[in-house]
Amino acid sequence: MAVAVTTKTAWKLQEIMAHSSNVSSVVLGKGSGRMLATGGDDCRVNIWSVSKPNCIMSLTGHTTPIESLQVNPNEKLIVAGSRSGSIRVWDLEAAKVLRTLPGHKANICSLHFHPFGSFVASGSLDTNIKLWDVRRKGCIFTFKGHTEAVRCLRFSPDGKWVASAADDHTVKLWDLTAGKLMFEFTGHTGPVNVVEFHPNEYLLASGSSDRTVRFWDLEKFQVVSCIEEEATPVRCVLFNPDGCCLYSGFQDSLRVYGWEPERCFDVVLVNWGKVADLSISNNQLIGVSFAQSTVSSFVVDLNRVPKSDSVPHGLIRDDQPLVPPTPTGSSLRRIYDRPSTSCSKPQRVKHNSESERHSPSSEDDRDEKESKAEIQNQEDYKEIFQPKNAICRTPPRNEPFPAPPEDEPGTAKEAVKPSQAVDVQTSVPKQELPDPDQRPLIASSTSLSRAEPSVIPAARNEPIGLKASDFLPAVKNQSQTELVDEEAMSQIRKGHETMCVVLTSRHKNLDAVRSVWSTSDIKNSLDSAVAINDLSVVVDLLNIVNQKASLWKLDLCTIVLPQIEKLLQSKYESYVQTGCTSLKLILQRFLPLITDILAAPPSVGVDISREERLHKCKLCYKQLKNISNVVKNKSGLSGRHGSAFRELLLLMAVLD
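One structure accompanies this document, and this report is about it. (Residues numbered from 1 in each chain as written. Predicted model: local features only at pLDDT ≥ 70, side-chain atom pairs only at ≥ 80, totals over all residues. Heavy atoms only, no water.)

Here we look at the overall build of the protein chain
Moving on, step 1. In terms of helices and strands, the protein chain carries 13 helices and 29 strands.
Moving on, step 2. Counting over 656 residues, the protein chain shows a buried share of 49%.
Moving on, step 3. Residue pairs in contact within the protein chain that sit at least 24 positions apart in sequence constitute 57% of those at least 6 positions apart.
Moving on, step 4. Only carbon and sulfur atoms are counted for the fraction: they give 52% of the accessible area of the protein chain, which is about 32100 Å². (Helix = DSSP H or I, 4+ residues; strand = E, 2+ residues; numbered from the N terminus. Buried < 20%, exposed > 50% of the residue type's maximum accessible area, 1.4 Å probe, protein only. Contact = heavy atoms within 4.5 Å. Areas by Shrake-Rupley, 256 points an atom, 1.4 Å probe, with all protein chains shown as cover.)

Points about the pairing of strand β4 (residues 45-49)
Moving on, step 1. Burial analysis of β4 places 5 of its 5 residues in the buried class, which makes it a mostly covered element.
Moving on, step 2. Side chains V45, I47 and S49 of β4 all project onto a buried face; the interleaved residues N46 and W48 project onto the opposite face, where all are buried too.
Moving on, step 3. With 5 bridges connecting them, strand β3 (residues 35-40) and β4 associate as antiparallel partners. Looking at β4, one finds that T38 is bridged to N46.
Moving on, step 4. Sheet topology note: the β4/strand β5 (residues 57-60) ladder contains 3 bridges and is antiparallel. Its bridge partner being in β5, V45 is matched across the sheet by L59. (Pairing = 2+ DSSP bridges.)

Describing the sheet that holds strand β11 (residues 119-124)
Moving on, step 1. Across the sheet, which stays open at both edges, the 4 strands sit in the order β10-β11-β12-β13 with antiparallel pairing between neighbours. Each edge of the open sheet carries a strand with a single partner, namely β10 (108-113) and β13 (138-143). Averaged over all pairs of adjacent strands, the angle between strand axes in this sheet comes to 20°, irrespective of strand direction.
Moving on, step 2. With 5 bridges joining them, strand β12 (residues 129-133) and β13 adopt antiparallel strand pairing. Across the sheet, L131 pairs through a bridge with F141, a residue of β13. (Axes fitted to C-alpha atoms, helices over the stretch in contact; angles between N-to-C directions.)

Focus: the environment of P241
Moving on, step 1. Relative to the helices and strands, P241 is located in the loop between β22 (236-239) and β23 (246-250).
Moving on, step 2. Owing to a relative accessible area of 44%, P241 belongs among the partly exposed residues under this scheme.
Moving on, step 3. With 41 residues separating them in the primary sequence, P241 and N200 have C-alpha atoms 9.1 Å apart.

Some words on the packing of aromatic side chains
Moving on, step 1. Evaluation of the coordinates by the stated rule reveals 12 aromatic pairs.
Moving on, step 2. Consider the rings of F141 and F143, whose centres lie 4.9 Å apart with planes at 50°: the pair is tilted.
Moving on, step 3. Judged by its relative accessible area of 3%, F143 falls in the buried class.
Moving on, step 4. Ring geometry for F143 and W174: centres 5.1 Å apart, planes at 50°, overall tilted. Placement of the pair is F143 in strand β13 and W174 in strand β16 (residues 171-175), with a sequence separation of 31 residues. Each member of the pair, F143 as well as W174, carries the same accessibility label: buried.
Moving on, step 5. What links up through ring pairs into an aromatic cluster is the set F183, F185, W216 and F221.
Moving on, step 6. One cation-aromatic arrangement involves R255 over F250; the distance from NZ or CZ to the ring centre is 5.5 Å. (Phe/Tyr/Trp six-rings, centres within 6.5 Å; stacked < 30°, edge-to-face > 60°. Lys NZ or Arg CZ within 6 Å of the ring centre and 35° of its normal.)

A short note on empty space enclosed by the protein
Moving on, step 1. Taken as a whole and judged by the stated rule, the model has 1 cavity of 30 Å³ or more.
Moving on, step 2. In this structure, the largest cavity spans a volume of roughly 40 Å³.
Moving on, step 3. In this structure, the largest cavity is lined by Q14, E15, I16, L36, V50, S51, V295 and S297.
Moving on, step 4. Among the secondary structure elements, those contributing two or more residues to the lining of the largest cavity are β1 (10-17) and β28 (294-301).
Moving on, step 5. Considering every element that reaches the lining of the largest cavity, the biggest residue donor is β1, with 3 residues.
Moving on, step 6. Class assignment for the residues of the lining of the largest cavity results in 4 nonpolar, 3 polar and 1 charged. (1 Å grid on protein atoms, 1.4 Å probe; cavity = no way out; pocket = protein on both sides within 12 Å on 5 of 7 lines; lining within 4 Å. Points joined across faces, edges and corners; volume = space filled by probe spheres on them. Nonpolar A, V, L, I, M, F, W, Y, C, P; charged D, E, K, R; others polar.)

Describing the environment of R506
Moving on, step 1. Positionally, R506 belongs in helix α7 (residues 497-519).
Moving on, step 2. For the pair R506 and D534, spaced 28 residues apart in sequence, the C-alpha separation works out to 8.4 Å.
Moving on, step 3. Excluding residues within four positions of it along the chain, R506 makes contact with S536 and D540.
Moving on, step 4. A distance of 2.8 Å separates polar atoms of two side chains, one belonging to R506 and the other to D540. (Polar contact = N/O pair within 3.5 Å; in protein donor to acceptor, adjacent residues only side chain to side chain.)

Here we look at unusual backbone geometry
Moving on, step 1. In this chain, E260 is followed by P261 through a cis amide linkage whose omega measures 0°.
Moving on, step 2. Among the secondary structure elements, P261 is positioned in the loop between β24 (253-259) and β25 (262-269).
Moving on, step 3. Even without a glycine there, the phi angle at H169 is positive, about 75°.
Moving on, step 4. Tracing the sequence through the fold places H169 in the loop between β15 (161-166) and β16.

Quick word on helix α12 (residues 608-634)
Moving on, step 1. The terminal C-alpha atoms of α12 lie 39 Å apart, and with 27 residues this matches the ideal 39 Å at 1.5 Å per residue to within 8%.
Moving on, step 2. Listing the buried residues of α12 in full gives R610, L614, C617, C620, Q623, L624, I627, S628, V630 and V631. (Expected span 1.5 Å × (residues − 1).)

Structural notes on the sheet that holds β24
Moving on, step 1. What the 4 strands build is an open sheet, ordered β22-β23-β24-β25; its pairing is antiparallel. Each edge of the open sheet carries a strand with a single partner, namely β22 and β25. Averaged over all adjacent pairs, the angle separating strand axes in this sheet is 25°, with direction ignored.
Moving on, step 2. Bridge count between β24 and β25: 7 bridges; the pairing is antiparallel. Note on β25: the bridge partner recorded for W259 is E262.

Examining the pairing of strand β19 (residues 203-208)
Moving on, step 1. β19 sits mainly inside the fold: 6 of its 6 residues count as buried.
Moving on, step 2. Every second residue of β19 is oriented toward a common face, with L203, A205 and G207 on one face and L204, S206 and S208 on the other, all of them buried.
Moving on, step 3. Where strand β18 (residues 192-197) folds back on β19, the antiparallel hairpin that results is connected by 5 residues.
Moving on, step 4. Taken together, the 5 bridges between β19 and strand β20 (residues 213-217) define a ladder with antiparallel strand orientation. Of the residues in β20, the one forming a bridge with L204 is W216.
Moving on, step 5. Linkage of β19 to β20, two consecutive antiparallel strands, is achieved through a turn of 4 residues, within which R211 is found at a positive phi near 70°.

Details of a nonpolar patch on the surface
Moving on, step 1. On the surface, a cluster of nonpolar side chains totalling about 290 Å² of accessible area is made up of M499, V502 and L503.
Moving on, step 2. Along the polypeptide, M499 turns up in helix α7. (Patch = residues over 30% accessible without salt bridge, like charges linked within 9 Å, V, L, I, M, F, W, Y side chains within 5 Å. Salt bridge = Lys/Arg side-chain N within 4 Å of Asp/Glu carboxyl O.)

Re the packing of helix α8 (residues 522-532) against helix α10 (residues 554-568)
Moving on, step 1. Two elements in contact, α8 and α10, have axes whose closest approach is 10 Å; the angle formed by their N-to-C orientations is 20°. The angle between α8 and α10 falls in the class roughly parallel. Remark: the crossing between α8 and α10 carries left-handed chirality. Each of I522, K523, L526, D527 and V530 in α8 lies in contact with α10, whose residues at this interface are D555, L556, I559, V560 and Q563.
Moving on, step 2. A class-by-class count of the residues in the contact of α8 with α10 yields 6 nonpolar, 1 polar and 3 charged. (Parallel < 35°, antiparallel > 145°, perpendicular 65-115°, else oblique. Left-handed = near helix turned anticlockwise from the far one by under 90°.)

Encoded structure:
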């Protein structure tokens, strides 16, 4: 009798070298859940089929790195926004550029296709939201109201509203028909990264860097519930297709939430690092993340993930209605009204766009010459992007990805740790492993050796320059399977005395700073941290202070600014991130005060407190001028940090 094999709930599907330079954006097609688009610093947009190693198509035309991507619902069109503010739309079936949409003055941070018509919404670092008509290649309307970068845009399922999430801690709901703001949702205490409409009900979910997920009622315009105290920022959210629960992507984990009342149904550990996008296909959740030039895809088996309190594991399927005794959401909430013939509009739009292709303008001719769609894999292209004129194209039927067997009991604990290189070999079928000769986008000069990078990322799946096996004691006798704890610890420490000394010293330094803070004030504790001359201690302290803006005073700025200059030039990504956050707080809270005091005429008589304040402002101004040079040099970087430096550069413009 065959023994039943237990399979994994979550596993790594594949890792691909997506670009010849750093990857800056990835997105999954929501129609089939199997289409993947990647954008990079090489100014290309590459199209992939999830689980297949070879690039299907490579789209060129942008002259600056790609910052944002989005695929339309039927996966016929793709739109890409660049660092310069330019937007390009490609027709994937015709393998050509359809439109170039200039208008934004800074990075494109977010894009989204209208669910029915040929419209695209774009959000930018310039704080504006623009609505574009792809057929008429023009901007229909510009929504203004956010004060910082717009990070996410979503059209409502009925196509009447658009929701925006921004770094100014707000979520705004805009009426497309009236062309005005409907409501502003406040409550988040950090930048809002993602926003998502419920597929059926008048409900909106938002996820923020303040580590909370909030649910908003779109009838009463009030908060329904708030899920707090998560360990890391919310990176992406996605409702289950039937609307029974919300999936939230965090650092190395997936959480399943209900909202009335707020509760967490399950937490699934997935080693995807900073997950960038989620999609659902065949009752499997697909997640993608990227680091440097590689993109990794992961799978979570939703059959084994509970989606409500009343239904046990494995009994809920996306193609079956959920029938619990009481619904997980509110049955009294309104349902979206959708057009009865959703296929007619895209057909009509397609007809118009085809007629325009037969009589292109001179601008379109120039775009076609500058933009190319290089088909790298003809068979996959024909399979996925077959033009169908008679009926609306539906995603091809795909089988679920086969789940690998569960690890042995002895290695179960290692399964929840960050994945190592062997994960790629065990989780990817042998026939799917990429052949180095078949990768079209890897330059011949690209080295696959694991040299230490110039910038060490904050989250990484393995140590930089270290092997985990070096820390494990060698077993001389194979029959010896257990070690006494003390013996194992002594063997592990052999040859690593230096590291132990470093960790002990850091613990001692943090203890000293904590004791000063408990007996004195924040200024003295910062003074003591700076005096220790250890940037790691300064970073730990700033990470605490940054959580509460009210702790910041002008005195602290004079102490912290020289340290921020060092942090911004650090090779450690986490140090740079902390430095950017602290500098942004200082610029927003104190730069107007500093410039006003320096511009004020001298007072009559002697005012000691004013003189002291003036001296501090002069000192801060001088330090900010020095930091502005660093920010200018770093503003050319790509990705999230590049956007952060360019935002800081805009805030520091008054110094010039």
